[in-house]
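# An overview of the molecular structure
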Amino acid sequence: MKRVLGYMKNYWYYYLFGIITILIGITLDLFTPIITGRIIDDVIEGGQKDIFRGLIMALAGITLGRAILGYAKEMLFDIVSSKIVCILRQDLFDHIQSLSFGFFDRKNTGELMSRIKDDADKVWQGINFGLMLVIEMTIYFIVSVILMFLISAKLSILAFVTMPIIAYLAISLEKQIGDTYEKISEQNATLNTTAQENIAGIRLVKAFAREKHETTKFLKHNKGYYKLNMEQARIWGKFFPFIEMLTNLLPLLVIVFGGALVIGEELTVGTLVKFTGYMYMVVWPMRMFGWLSNLMAEARASAKKIDKVFEEKPDIENCKCPTILDNPKGKVEFKNVSLDLEGTKVLQDIDFIIEPGKTLAVMGATGSGKTSLINLLVRYYDVSEGKILIDNNEIQNIDLTNLRENISLVMQDVFLFSDTIKENISFGSELMINDTIVNSAQSAQAHDFISNMEKEYDTIIGERGIGLSGGQKQRISIARALAKECSIIVFDDSTSALDMKTEHKIQQEIEKRKDTTKVIIAHRISAVKNADEIIILEEGKIVERGNHNTLMALKGRYYNTFNEQYEGFAV
Ligand code: DGT
Ligand code: MG
């Protein structure tokens, strides 16, 4: 909420103009009952026909003025609230971008989508017509009440008897609706998550013929959402008729008692009409009170939810005086590194040095900590113990962006954007020339299949690379990493979907990069055997290390893997 108020402060002049238009509008409105009163008292009863035209013209003028002011007011509030929510949404998106892996491990996509879209929309409603109406209603209410008292204190007291009851009903309504809205908003996030996950994983769902299971799951959340909405409608249903009844009763009471005052000649008919005119200006805000407080409660709740995301701080922070690596040589050093995640020892006492241009290969069973090693190198997580150094600089002291700019990573889980192949390889780097893109694709053995496509590098690939084979996706992600041209490149199980021949060709291309330090994570001996050092991980610890020959001579795990993979082949 504070954040939204801060943005609003920056645009105070829009609100000032908005309030001015509201004030002028209301002032014009206040003349309407006076004019109608005069038409009745002076023209109809008093027979002053000469002023009739003037009064009618004044009424027409007021109507026109109201229309123009109404338009200006709507526009002002629309513009300022859209501006503010646009900035809020952008800041929220940027903030989410800055958060660390740990945050995304805890949150799911659907929930964050709800914050960016639905909650921001609710805030928009609140600071747009919500706020506009609150200001308008309050002024209307106060001014009309004063004028009513000035005209007839007796009638006013009568009219206000019903007011505390309406206020009580509206406050109870707001509280109950507020509680339900909280649940509706949570359920909305769950519904979003369920739909998003199902659509993203639709192929898996179909492969396992689990459509029915997914439909049931969605139905459950959908029904929950429906029930909560019904609960909200029921609460409305419970209070609304009373509010309606009381606000309708008010004019009736005024006409009956006002009529009596007219008969008793305490009041003229014109004054009664004038009074009734102002009374309607009071009734309107009263009717809106419940609905408005509900709308504002929702906006407040959504703003609070957005604030919660803003309160999240990245676990991985940039160093206060960060070092910038200028053309690093690419020496990588792990010094007794350990990583604990939620009480699990994922890595323990990892120690190695890769000299610039050399290759380290990492092998190990699934879950042994290979990817975690890389997550530490690019600071997705920070080490629990030990140090990681690049060119003798501790990575915690290196500027975070600079660190990541200097490491090229082919992730195990290939991610491609629904964009052109060219965009996916250059990844938005406008400075990248076409030659770099094509050369990288050639090295990644992707150029041929890309050239065979109708639009070649301009072919748009579907979300996550739909329309491409697993191996094609891997090759594009390798091309993306090669195009980045860094002094350190990491391949996390990135040739697993390729045949041995293609894998070998890519390897040869990578080996040509003599100045690049390479980290290759793989399960196949063929992918690691040329490395300068091979380490074998087991439950987060290095259990064997050496090059191909020394490890073979050791006749340990590496040797056994070799025999399993090459059984029956003479190599
Ligand atoms: P792979 O890719 O299947 O061959 O396996 P690795 O060797 O790449 O395994 P890795 O590093 O992804 O995971 C090592 C262990 O760490 C595994 O037991 C799962 C655990 N782990 C990974 N990420 C997280 C996390 O975010 N939180 C917790 N608590 N544990 C994690
Ligand atoms: Mg892995």
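Residues numbered from 1 in each chain as written. Chains lettered and ligands numbered in written order. Predicted model: local features only at pLDDT ≥ 70, side-chain atom pairs only at ≥ 80, totals over all residues. Heavy atoms only, no water.

As a further point, take the overall build of the protein chain. Looking only at helices and strands, the protein chain features 20 helices and ten strands. For 571 residues, the compact-globule formula gives about 25 Å, and the C-alpha radius of gyration of the protein chain, at 36 Å, lies well above that figure. By principal-axis analysis of the C-alpha atoms, the protein chain measures approximately 120 × 50 × 45 Å. Burial analysis of the protein chain (571 residues in total) assigns 46% to the buried set. Within the protein chain, contacts between residues at least 6 apart in sequence are counted, and of these 77% link residues at least 24 apart. Only carbon and sulfur atoms are counted for the fraction: they give 59% of the accessible area of the protein chain, which is about 30000 Å². (Helix = DSSP H or I, 4+ residues; strand = E, 2+ residues; numbered from the N terminus. Rg over C-alpha atoms; globule rule 2.2 N^0.38 Å. Buried < 20%, exposed > 50% of the residue type's maximum accessible area, 1.4 Å probe, protein only. Contact = heavy atoms within 4.5 Å. Areas by Shrake-Rupley, 256 points an atom, 1.4 Å probe, with all protein chains shown as cover.)

So, on to the coordination of the magnesium ion (ligand 2). Surrounding the magnesium ion (ligand 2) are the protein donor atoms Thr371 (OG1) and Gln412 (OE1), at 1.9 to 2.2 Å. Residue Thr371 is found in helix 11 (residues 370–377), and its partner Gln412 is found in the loop between strand 6 (407–410) and helix 13 (421–426); the two are separated by 41 residues along the sequence. When its relative accessible area of 27% is taken as the criterion, Thr371 is described as partly exposed. Residue class for Gln412 comes out partly exposed when judged on its relative accessible area of 40%. (Donors = N, O, S within 2.8 Å, 3.2 Å for Na, K, Ca; no water.)

On to the sheet that holds strand 3 (residues 359–364), then. In spatial order, the strands read 6-7-8-3-9-10; together these six strands make up an open sheet with mixed pairing. The outermost strands of the open sheet, each flanked by one partner alone, are strand 6 and strand 10 (541–546). For this sheet, the mean angle separating the axes of adjacent strands, direction not counted, is 15 degrees. Taken together, the four bridges between strand 3 and strand 8 (residues 517–521) define a ladder with parallel strand orientation. Along strand 8, the bridge assignment pairs Val362 with Ile521. (Pairing = 2+ DSSP bridges. Axes fitted to C-alpha atoms, helices over the stretch in contact; angles between N-to-C directions.)

Our focus in this paragraph is the pairing of strand 9 (residues 533–538). Among the six residues in strand 9, five count as buried, and that is most of the element. Examined bridge by bridge, strand 3 and strand 9 share five bridges and lie parallel to one another. When the sheet's bridge partners are listed, Leu360 is paired in strand 9 with Glu533. Bridge count between strand 9 and strand 10: five bridges; the pairing is antiparallel. Directly across from Leu537, in strand 10, lies its bridge partner Ile542. Between the end of strand 9 and the start of strand 10, which pair antiparallel, lie two residues, with Glu539 showing a positive phi angle near 45 degrees.

The next thing to look at is the nonpolar core. In terms of nonpolar packing, the biggest core is built from 60 residues, with Tyr15, Ile84 and Met148 touching the most fellow members. Where this core is concerned, the elements lending two or more residues are helix 1 (2–10), helix 2 (12–45), helix 3 (52–98), helix 5 (109–151), helix 6 (153–160), helix 7 (163–200), helix 9 (211–263) and helix 10 (269–311). Element by element, the count of residues in this core is highest for helix 10, at twelve residues. In this view, Tyr15 contacts Met8, Phe77, Val80, Ile84, Ile127 and Leu131; residues no more than four positions away in its chain are not counted. The next biggest cluster of nonpolar side chains, apart from the first, holds 41 residues, and it includes Ala361, Ile476, Ala481 and Ile520. (Core = buried A, V, L, I, M, F, W, Y, C linked by side-chain atoms within 4.5 Å.)

Attention shifts here to the site of ligand 1. The environment of ligand 1 is made up of 15 residues, and the closest members are Thr366, Lys370, Thr371, Ser372 and Gln412. Note that an oxygen atom of ligand 1 is positioned 3.2 Å from one of the backbone N or O atoms of Ser368. Here Gln412 contributes a side-chain N or O atom positioned 2.6 Å from an oxygen atom of ligand 1. For ligand 1, the accessible surface in isolation is 640 Å², of which the surrounding protein chains cover 69%. Here the element with the most residues in the shell around ligand 1 is helix 11; it accounts for three residues. (Near = heavy atom within 4 Å. Polar contact = N/O pair within 3.5 Å; in protein donor to acceptor, adjacent residues only side chain to side chain.)

Take the side chain of Glu214 next. Topologically, Glu214 is positioned in helix 9. Residue Glu214 is classed as buried on the basis of its relative accessible area of 14%. Apart from the residues lying within four places of it in its own chain, the contact partners of Glu214 are Asn198 and Val205.

Turning next to the environment of Ile489. Counting through the fold element by element, Ile489 comes out in strand 7 (residues 488–492). Distance in space between the C-alpha atoms of Ile489 and Ile407 is 5.7 Å, their sequence separation being 82 residues. Contacts of Ile489, omitting those with residues within four sequence positions, involve Ser408, Ala481, Leu482, Thr516, Thr517, Lys518 and Val519.

The subject of this paragraph is helix 16 (residues 470–483). Between its first and last C-alpha, helix 16 extends 20 Å over 14 residues, near the 20 Å set by a 1.5 Å rise per residue. Counting buried positions along helix 16 gives twelve out of 14 residues, so the element sits mostly inside the fold. Within helix 16, the full set of buried residues consists of Gly471, Gln472, Gln474, Arg475, Ile476, Ser477, Ile478, Ala479, Arg480, Ala481, Leu482 and Ala483. Residues of helix 16 that are buried make contact with strand 6, helix 13, helix 14 (434–443), helix 15 (447–451), strand 7 and helix 17 (500–511). Looking one or two residues past helix 16, Glu485 carries a phi angle of roughly 50 degrees, positive in sign. (Expected span 1.5 Å × (residues − 1).)

What follows concerns the packing of helix 9 against helix 10. Their axes nearest at 10 Å, the elements helix 9 and helix 10 cross at an angle of 170 degrees. Considering their axes alone, helix 9 and helix 10 lie roughly antiparallel with respect to each other. Side by side, helix 9 and helix 10 meet where Gln232, Trp236, Ile243, Glu244, Thr247, Asn248, Leu250, Pro251, Val254, Gly258, Gly259 and Val262 of the first sit next to Val269, Leu272, Phe275, Met279, Tyr280, Val283, Met286, Arg287, Gly290, Trp291, Asn294 and Glu298 of the second. Among the residues making up the contact of helix 9 with helix 10, the classes are represented as 14 nonpolar, seven polar and three charged. (Parallel < 35°, antiparallel > 145°, perpendicular 65-115°, else oblique. Nonpolar A, V, L, I, M, F, W, Y, C, P; charged D, E, K, R; others polar.)

Okay, the packing of aromatic side chains next. Tallying each qualifying case throughout the model produces ten aromatic pairs. For the ring pair Tyr11 and Tyr13, a centre distance of 6.4 Å and an interplane angle of 55 degrees mean the geometry is tilted. Residue Tyr11 is classed as buried on the basis of its relative accessible area, which comes to 17%. Where Tyr13 meets Tyr14, the ring centres are 5.3 Å apart and the plane angle is 35 degrees; that geometry is what we call tilted. The buried category is assigned to Tyr14, whose relative accessible area is 18%. Aromatic rings pair up to connect Tyr11, Trp12, Tyr13 and Tyr14 into one cluster. Stacked on the ring of Phe310, the Lys or Arg Arg3 has its end atom at 3.7 Å from the ring centre. Above the ring of Phe427, the side-chain terminus of Arg480 is found at 5.4 Å from the ring centroid. (Phe/Tyr/Trp six-rings, centres within 6.5 Å; stacked < 30°, edge-to-face > 60°. Lys NZ or Arg CZ within 6 Å of the ring centre and 35° of its normal.)

Most of strand 3 sits out of view: six of its six residues are buried. The side-chain alternation of strand 3 yields two buried faces, one formed by Thr359, Ala361 and Met363 and the other by Leu360, Val362 and Gly364.

A separate point is the domain arrangement of the protein chain. The domains assigned to the protein chain are domain 1 (2–311) and domain 2 (332–565). Summarising the inter-unit geometry, the C-alpha centres of domain 1 and domain 2 are found 56 Å apart. (Domains from an automatic or database assignment.)

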